[in-house]
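If you want the building blocks of each chain, they are given just below.
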Amino acid sequence: MKIGLFIPCYIDQFYPQVGIASLQLLEKMGCKVFFPLDQTCCGQPMANSGFAHLTETCNTLFIDHFKDVDYIVCPSGSCTLHIKEHLIDDGRPALADRVRHQVFELSEFFTDILKVEKLDAFFPYKVGFHSSCHGQRGLGVSSMSERMLPYFSKPESLLQKVKGIQLSTPNRSDECCGFGGTFCVFEEAVSVKMGKDRVMEHEANDVDYITAVDMSCLMHLEGILKRKGSKIKTIHLAEILNSK
Amino acid sequence: MGTVEHAKAAGRFIADEPRTNWHDETLWFVRQKRDHAASLLNGWEELRERASQIKNHVLSNLDQYLIQFEKNAIANGAIIHWAADAEEHNQIVHGIIKNAGVTRLVKSKSMLTEECHLNHFLSGQGIEVVDTDLGERIVQFRKEPPSHIVLPAIHLKKQDVSETFHEHLHTEKGNNDPNYLTGAARQHLRNEFIQSKVAITGVNFAVAETGGIVVCTNEGNADMGVHAAKIHIACMGIEKIIPKAGDLSVFLRLLARSATGQPITTYSSHFHRPDKEKQLHIVIVDNGRTQQLGRPDFRNSLKCIRCGACFNTCPVYRRSGGHSYHNAVAGPIGSILAPNIDMRKNADLPFASTLCGSCSNVCPVKIDIHDQLWKWRQILVKEGHVAMGKKIMMQSMAFLLSRPKLYRFAGKWGRKIMQSVPILVSNKLNPWYKQREMPEPPKQSFNEWYKQNKK
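Residues numbered from 1 in each chain as written. Chains lettered and ligands numbered in written order. Predicted model: local features only at pLDDT ≥ 70, side-chain atom pairs only at ≥ 80, totals over all residues.

## A word on the overall build of chain A
Within chain A, the secondary structure is distributed over 13 helices and eight strands. The C-alpha atoms of chain A give 17 Å as radius of gyration, which agrees with the globular expectation for 244 residues (18 Å, within 12%). C-alpha extents for chain A along the principal axes are approximately 55 × 40 × 40 Å. Classification of the 244 residues of chain A by burial places 60% in the buried group. In chain A, the share of contacts with a sequence separation of at least 24, taken over all contacts with a separation of at least 6, comes to 76%. (Helix = DSSP H or I, 4+ residues; strand = E, 2+ residues; numbered from the N terminus. Rg over C-alpha atoms; globule rule 2.2 N^0.38 Å. Buried ≥ 20, exposed ≤ 12 C-beta atoms within 10 Å, placed from the backbone. Contact = placed C-beta atoms within 7 Å.)

Take a look at the structure:
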């Protein structure tokens, strides 16, 4: 099984440890991982701001880089969702369609494709789980409080396999953190208020870490935590699953 | 009239943080009541699907159902009026009132009349409208628009209401007891009901099969107005049609549960024909709805039954207040309806969302609200309703991210600069930095690490 590792641009530039953890995890599970060196960005920041028409080259690059793998795996629900919903290529529609169906967020890939049952991971901390909206409501990596359907959570099930971990859920189990891409700067006041409210709930649970499947939510929450001088740290799901 | 953009208005709202917290928690409480009520009903998701299908079917056959409704309503003795837009609607309503020789009348809640700015129009003609929904009466006293379609005065605390009533109804100063205040409102409104010859209501559902209309209230104020008046004017958008009376078994179960978590509204009033020597006028309004129906990506926004569930769930709405949306219908649904009427004025609204998707999933008729917000953004940008700064920023990003070598080069040097001269990004001009620290730039990107360790 040939896996293409899709590392979002902001993870590449600011959170390389998340890429490293994702790569190491996939290799531990016996995957042959291929990392296309010329990848840049999925195009989501432009598209969500109303500039989808400027993402043509991003789309072309993405398809060129990932067209020869069996699965594309990405440690971000949001970027995965963008590819799944908006990757188009007028010249190669069938290929674009195939690529759209091959892309998986990390926790759903572990759960649905690799069917991971056991993890050799140890993380002796109290961890608050933040449910990232695009993974949850967009990709369906977990159930949601709005729908009257049976509960499930792929990322939380994986975290429960980690030894020593003490998982906690905030009072509002799946409210948005307020990052929202360029929303975080163009609607700065609301964005920060939403983030502050999320942080407060995790503080009430006295957690050591906040984790999520999306580093973008965590980047936003981290910025708020640091400004506050909080002792709570943020950590991507992949880093916990890869902890010893 | 200058419109303040959502982001700015929201900033002002949030400046009073304790009040924002109270607003957020109050509406979240309503959302939780909705969750509880929905969880008690077997087959909630099937019911949503059923409602969605009925509404889709209606939108695809709207012309026929409207004709059927008109025919049956006329046979029942109602008088039907058709209005192409807000102005014609207001003229028609004014004409009926003028004929009746009335200068003061009562009106129960109708978002359509808000959308058409009927009160303002009639006031210009020397006619005073008394809103009889308690929340609407409160905001009317204060000369404010409603901030929520179901809970019009949800932005106000009981202290605010007390002050307003003291000024307008001469209640005791500083008496904040809700029972006392509602009692005063009841006395005041009772006089209006008794004296009013004309009563305006909205319409929640118009049944094609019977020609009857259904109005849902919790206060019974629609009934009070209609029963005491000689003339009932019911104003409805063309999308309020449902095919059969039996369909009410789907919609009435969804509406109140989604809106407030009640199993059903206290009053679900069915009006079929006028009483003897009374008149029932039904004004059927388009006002941009057929235009929206003609937009394939947005037509299903017309499925909306105005329950307000998307308001209560929206983390942005709860923290920015209804007035920041500068539109009769605020919240997520307002943000996809408003650009249809005026793109330029409402170009900010589809951006007042993180696209978290909660709205689409609480919606009892399954409107894909957050997807439509995304689609409106594309249209608004193409039509030129975007700030130059944002446009340049996006063009620069696209340029950079379309060139792998340049992206790596810029990333490397950007991180170096952030490390050595942090003030260049960590300054007041950067909206991120205003209340958040910047991420700490690592020495190596993942790409650089990979090349060194894996290649």
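## Thoughts on the overall build of chain B
When you go through chain B residue by residue, the secondary structure sums to 22 helices and 10 strands. Dimensions of chain B, computed from the C-alpha atoms along their principal axes, are close to 90 × 55 × 45 Å. Every one of the 455 residues in chain B was classed for burial, and the buried ones make up 49%. By sequence separation, contacts in chain B at least 24 residues apart represent 73% of the contacts at least 6 residues apart.

## Here's the deal with the sheet that holds strand E2 (residues 32-34) of chain A
Residues and elements named next belong to chain A. Taken together, the four strands give an open sheet; going across it, the order is E2-E1-E3-E4, and neighbouring strands pair in parallel fashion. Two strands close off the open sheet at either side, each with one partner strand: E2 and strand E4 (103-105). Each strand of the sheet is rotated relative to its neighbour by a mean of 35 degrees, with strand direction disregarded. Pairing of strand E1 (residues 2-5) with strand E3 (residues 71-74), which is carried by three bridges, proceeds in the parallel orientation. Pairing of isoleucine 3 across the sheet is with tyrosine 71, part of E3. Helix H5 (residues 77-86) rests against E3 and E4 of the sheet, and its axis sits at about 155 degrees to E4. (Pairing = 2+ DSSP bridges. Axes fitted to C-alpha atoms, helices over the stretch in contact; angles between N-to-C directions.)

## Overview of the domain arrangement of chain A
For an interface, size is often stated in terms of accessible area lost upon the parts coming together. All names here are of chain A. In terms of domains, chain A is made up of domain 1 (2-113) and domain 2 (126-241). Put simply, the middle of domain 1 and the middle of domain 2, counted by C-alpha atoms, are 22 Å apart. Listed as interface residues are 25 residues of domain 1 and, on the opposing side, 22 residues of domain 2. Of all the secondary structure elements, the ones that give two or more residues to the side of domain 1 that touches domain 2 are helix H1 (9-14), helix H2 (16-28), helix H3 (44-48), H5 and helix H7 (106-113). Of the residues belonging to the side of domain 1 that touches domain 2, the class tally is 12 nonpolar, 11 polar and two charged. (Domains from an automatic or database assignment. Nonpolar A, V, L, I, M, F, W, Y, C, P; charged D, E, K, R; others polar.)

## Comments concerning the domain arrangement of chain B
Segmentation of chain B into domains returns domain 1 (41-287) and domain 2 (400-453). For domain 1 of chain B versus domain 2 of chain B, the separation of C-alpha centres amounts to 55 Å.

## A few points about helix H19 (residues 388-401) of chain B
Here H19 of chain B is 14 residues long and its end C-alpha atoms lie 20 Å apart, about the 20 Å a rise of 1.5 Å per residue gives. By the burial criterion, the buried members of H19 of chain B are Met394, Met397, Ala398 and Leu401 of chain B. Mapping the buried residues of H19 of chain B onto a view down its axis gives an arc of 95 degrees, with all of them on the same face. In H19 of chain B, the exposed positions angled more than 90 degrees off the buried face are occupied by Met388, Gly389, Ile392 and Ser396 of chain B. On its buried face, H19 of chain B is in contact with H1, H3 and helix H4 (56-66) of chain A together with helix H20 (404-420) of chain B. (Expected span 1.5 Å × (residues − 1). Arc of directions from axis to C-beta.)

## So, the packing of helix H3 (residues 44-60) of chain B against helix H12 (residues 248-259) of chain B
All names here are of chain B. Running from N to C, H3 and H12 cross one another at 120 degrees; their axes reach a closest spacing of 10 Å. On the basis of the axis angle, H3 is oblique to H12. Crossing hand, H3 versus H12: left-handed. Residue-level inspection shows Leu47, Arg48, Arg50, Ala51 and Ile54 of H3 in contact with H12, the latter providing Val250, Phe251, Arg253 and Leu254. Split by residue class, the contact of H3 with H12 holds six nonpolar, no polar and three charged. (Parallel < 35°, antiparallel > 145°, perpendicular 65-115°, else oblique. Left-handed = near helix turned anticlockwise from the far one by under 90°.)

## What to know about the pairing of E1 of chain A
Where E1 of chain A lies against E2 of chain A, three bridges are found, and the strand directions are parallel. Bridged to isoleucine 3 of chain A within E2 of chain A is valine 33 of chain A.

## Considering the sheet that holds strand E5 (residues 126-129) of chain A
Residue and element names in this part refer to chain A. What the four strands build is an open sheet, ordered E6-E5-E7-E8; its pairing is parallel. The open sheet has two edge strands with one neighbour each: strand E6 (166-168) and strand E8 (233-236). When the angles between neighbouring strand axes are averaged without regard to direction, this sheet yields 35 degrees. Alignment of E5 against E6, held across three bridges, turns out to be parallel. Its bridge partner lying in E6, lysine 126 is registered against glutamine 166. Each of strand E7 (209-212) and E8 touches helix H12 (residues 215-228); the most contacted strand, E8, lies at about 170 degrees to it.

## A word on the interface of chain B and chain A
With 57 residues of chain B at the contact, the number on the chain A side is 57 residues. At six residues, the largest contribution of residues to the side of chain B that touches chain A is made by H19 of chain B. Considering only residue class, the side of chain B that touches chain A consists of 31 nonpolar, 17 polar and nine charged.

## Overview of the confidence of the model for chain B
In this model, chain B carries an average pLDDT of 97, and 100% of its residues clear a pLDDT of 70 or more. Here the predicted complex carries an ipTM of 0.97, next to a pTM of 0.97. (pLDDT = per-residue confidence, 0-100.)

## Regarding helix H18 (residues 369-382) of chain B
Spanning 14 residues, H18 of chain B covers 20 Å between terminal C-alpha atoms, matching the ideal 20 Å at 1.5 Å per step. Residues Ile369, His370, Gln372, Leu373, Trp374, Trp376, Arg377, Leu380 and Val381 of chain B constitute the buried set of H18 of chain B. Among the structural elements, H3 of chain A together with helix H14 (309-313), helix H16 (331-341) and helix H17 (358-362) of chain B are those in contact with the buried residues of H18 of chain B. Once H18 of chain B ends, the next one or two residues include glycine 384 of chain B, with phi positive near 90 degrees.

## Here we look at the environment of threonine 103 of chain B
Following the sequence through the fold, threonine 103 of chain B ends up in the loop between helix H5 (86-100) and strand E2 (104-107). It is 8.9 Å that separates the C-alpha atoms of threonine 103 of chain B and glutamine 125 of chain B, two residues lying 22 residues apart in sequence.

## Points about the packing of H16 of chain B against H18 of chain B
Residue and element names in this part refer to chain B. The geometry of H16 relative to H18 is characterised by a closest axis approach of 10 Å and an angle of 35 degrees between their N-to-C directions. As for the relative orientation of H16 and H18, their crossing is left-handed in sense. Residues Pro332, Ile333, Ser335, Ile336 and Pro339 of H16 lie in contact with H18, whose contacting residues are Ile369, Gln372, Leu373, Trp376 and Leu380. The class makeup of the residues in the contact of H16 with H18 is eight nonpolar, two polar and no charged.

## Overview of the environment of lysine 244 of chain A
Residues and elements named next belong to chain A. The topology assignment puts lysine 244 in the segment after helix H13 (237-241). Residue classification places lysine 244 among the exposed residues on the basis of 7 C-beta atoms within 10 Å. Distance from lysine 244 to valine 162, taken between C-alpha atoms, is 9.5 Å for residues 82 residues apart in sequence. Look past the residues within four positions of lysine 244 in its chain and what remains in contact with it is Ala121 and Phe122.

## Focus on unusual backbone geometry
All names here are of chain B. Phi at histidine 170 is positive, roughly 60 degrees, even though this residue is not glycine. Mapping histidine 170 onto the fold places it in the loop between helix H9 (158-169) and helix H10 (178-195). The backbone phi angle of arginine 306 is positive, close to 55 degrees, even though this residue is not glycine. Within the secondary structure, arginine 306 is located in the loop between helix H13 (289-293) and H14.

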